[in-house]
Amino acid sequence: MNFDRTGIILYVVHYQKCVDFYKNIIGLSILFSTTELSCFAFGDAYLMIELDDTYNGEDETHSRIKTCLRMNVPNVKQFVDALKTKNINVNYQEYSWGTIAKFYDPDGNLCAFKDSYTFEKQIKRAKN
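Computed from a predicted structure; not experimentally measured.

Draft legend 1. Examining the pattern of salt bridges more closely. Under the defined criterion, the tally for this structure stands at two salt bridges. A salt bridge links aspartate 115 to lysine 114, with the nearest nitrogen and oxygen atoms 3.2 Å apart.

Draft legend 2. Quick peek at the sheet that holds strand E2 (residues 30-33). Strand order in the open sheet formed by four strands is E1-E4-E3-E2, and the pairing between neighbours is mixed. The sheet is open, and its two edges are formed by strand E1 (7-12) and E2, each paired on a single side. Looking at each pair of strands side by side, their axes are set apart by 15° on average, direction ignored. Where E2 and strand E3 (residues 37-42) come together, three bridges link them in antiparallel fashion. By the bridge assignment, phenylalanine 32 is partnered in E3 with cysteine 39. Here helix H1 (residues 15-25) sits on the sheet in contact with E1, E2, E3 and strand E4 (45-51), set at roughly 155° to E4.

Draft legend 3. Here's a closer look at the packing of aromatic side chains. What the rule picks out here adds up to six aromatic pairs. Judged by centre distance (6.3 Å) and plane angle (45°), the ring pair of phenylalanine 21 and phenylalanine 103 falls under tilted. Highlighted residues: phenylalanine 21 in helix H1 and phenylalanine 103 in strand E7 (residues 98-104), separated in sequence by 82 residues. Comparing phenylalanine 21 with phenylalanine 103 shows no difference in burial state: the two are buried. Geometrically, the ring pair formed by tyrosine 95 and tryptophan 97 is stacked, given 4.7 Å between the ring centres and 5° between the ring planes. Looking at tyrosine 95, the relative accessible area reads 40%, which means it is partly exposed. The class of tryptophan 97 is partly exposed, set by a relative accessible area of 37%.

The rules we used
Numbers given to residues run from 1 along each chain, matching the order in which its sequence is written. Totals for whole chains, interfaces and linings use every residue, but because this is a predicted model, local features are given only for residues with pLDDT of at least 70 and side-chain atom pairs only at 80 or more, for both listing and counting. With hydrogens and water stripped out, all remaining heavy atoms of the structure feed into the side-chain values. Salt bridge criterion: a side-chain nitrogen from Lys or Arg within 4 Å of a carboxyl oxygen from Asp or Glu. When DSSP finds at least two bridges between two strands, those strands are taken to pair. What counts as a helix is a DSSP run of H or I of at least four residues, what counts as a strand is a run of E of at least two, and both are numbered from the N terminus. Axis geometry follows a simple rule: fit a line to the C-alpha atoms, using only the stretch in contact for helices, then measure angles between N-to-C directions, giving values from 0 to 180 degrees. In this description, contact between two residues means that some pair of their heavy atoms is separated by no more than 4.5 Å. Each Phe, Tyr or Trp ring (for Trp, its six-membered ring) is paired with any other whose centre lies within 6.5 Å, and the angle between the two planes then decides the class: stacked below 30 degrees, edge-to-face above 60, tilted in between. The cut-offs for exposure are 20% and 50% of the maximum accessible area for each residue type, with area from a 1.4 Å probe on protein chains only; residues under the lower value are buried, those over the upper are exposed, and the others partly exposed.

Dropping the structure here:
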């Protein structure tokens with residue numbers, strides 16, 4: 001199956017805070033935007049931040065679907081340091097299988113940086 005483009009739609013309650021986060025903190029470029037939807041360049045894909053108009057005010061941690069947005073980067077520590085200068089709380093972790101850093105967007109969605117080098121090694125190993 002061939003796709004012209006792939007993307008992720010992230011439904012959020014705190015729309016403007018999340019748009020500001022992905023634009024100004026993470027540094028993604030906006031492809032297009034409306035009052036309830038913003039589409040960002042996200043590697044070879046796109047990340048769409050869309051106002052969750054079905055949210056009914058219940059406890060967000062149990063009633064909303066959550067996901068983790070993982071972004072592979074060449075130097076996790078460098079990205080962590082940049083986030084910390086913007087007062088983002090980051091959980092930096094080093095393992096034998098690679099380095100990750102976890103943090104949350106303003107809507108409580110989990111985001112993570114992963115080192116590209118060990119990720120590509122995992123893929124290469126699996127192909128052999």
